Amino acid sequence: MTVVSIIIPVYNEARTIERVCFQLQELPQERFELIFVDDGSSDETACLLKANVPSDVTVIRLNINRGKTAAVREGLALATGDWVIVQDADLEYDPQDIVRLLDVAGKSDVAVYGLRPSYWSRPSRLMFASGVLFIDLCFLLIYGRWVRDHATCYKLIPRHVLVSFDLQSTGFEGCVEITAKLMRSKIPIRQIPISYSPRSTSEGKKLSWRHGFAALWTAWQWRAWLPKTSENRVCFNAEAHER
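Residues numbered from 1 in each chain as written. Predicted model: local features only at pLDDT ≥ 70, side-chain atom pairs only at ≥ 80, totals over all residues. Heavy atoms only, no water.

1. Topic: the packing of aromatic side chains
Okay, step 1: Scanning the entire structure with this criterion turns up four aromatic pairs.
Okay, step 2: For the pair tyrosine 93 and tyrosine 154, a centre-to-centre distance of 4.9 Å together with 45° between the ring planes defines the contact as tilted. Pair noted here: tyrosine 93 is in the loop between strand 4 (83-86) and helix 4 (96-105) and tyrosine 154 is in the loop between helix 5 (126-143) and strand 6 (155-158), with a separation of 61 residues, a long-range link. For the pair tyrosine 93 and tyrosine 154, a shared accessibility class is recorded, and that class is buried.
Okay, step 3: Here a set of aromatic residues connected by ring pairs shows up, and it is made of Tyr93, Tyr154 and Tyr196.
Okay, step 4: Directly above the aromatic system of tyrosine 196 lies the positively charged group of arginine 116, at a separation of 4.9 Å from the ring centroid.
Okay, step 5: One cation-aromatic arrangement involves lysine 181 over tryptophan 222; the distance from NZ or CZ to the ring centre is 4.0 Å. (Phe/Tyr/Trp six-rings, centres within 6.5 Å; stacked < 30°, edge-to-face > 60°. Helix = DSSP H or I, 4+ residues; strand = E, 2+ residues; numbered from the N terminus. Buried < 20%, exposed > 50% of the residue type's maximum accessible area, 1.4 Å probe, protein only. Lys NZ or Arg CZ within 6 Å of the ring centre and 35° of its normal.)

2. Section: the pattern of salt bridges
Okay, step 1: Applying the stated criterion across every chain, the model contains seven salt bridges.
Okay, step 2: Residues aspartate 97 and arginine 100 are paired through a salt bridge, measuring 2.9 Å at the closest nitrogen-oxygen approach. Here aspartate 97 and its partner arginine 100 are both found in helix 4, three residues apart, which amounts to about one turn of the helix.
Okay, step 3: The class for aspartate 97 is buried, based on a relative accessible area of 7%. (Salt bridge = Lys/Arg side-chain N within 4 Å of Asp/Glu carboxyl O.)

Structure representation (structure tokens):
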């Protein structure tokens with residue numbers, strides 16, 4: 001049976017973490033491995049996690065806030081599933097869409113991205129939507145490949161592939177690093193529409209215009225990165241098929 005490791009980085013999400021825990025536990029548990037990473041929260045998040053997460057679910061507590069991708073890297077080190085996906089703890093994404101992404105993935109070495117609606121008609125979304133589109137275009141110019149909405153949280157990727165990337169990012173720019181390395185590895189990226197309920201900065205949205213500069217630099221930084229050799233890739237695939 002194919003198993004997906006869901007890594008949930010959490011930072012000061014006391015308002016939503018209980019509902020996220022409930023939604024994730026509605027998934028068929030035999031197919032999903034949950035790994036919560038509390039990224040140094042200073043609110044009641046840690047207590048709520050302890051009260052709402054079953055004892056057999058992995059919870060990692062970081063002493064200081066290190067950044068979203070740093071938290072994902074901690075979770076990835078303990079992941080055992082065939083596939084890995086990140087779930088934000090802010091209720092913007094519906095975990096039921098993960099099942100749909102997995103159906104599209106099949107058994108191939110592909111990445112499946114959840115394509116969010118852009119909500120161009122909402123003035124509060126213009127900065128975020130235009131910023132994401134700008135970096136998407138930068139990928140096309142730098143890497144010669146097109147992907148719409150590189151910044152989506154829902155990236156379903158084979159675990160052996162993601163581990164081989166040896167991620168270096170710590171913050172939100174990890175989305176750019178992952179997409180850049182997928183492109184450099186010539187791994188196909190499939191996309192399917194997903195549901196999305198964006199929240200505003202006043203509701204706890206942590207992205208700002210400053211993250212756009214970090215994203216642009218990261219896209220340029222990995223332009224010459226080389227994946228592991230084909231020999232190593234064969235070893236990775238053999239390991240995956242034995243699961």
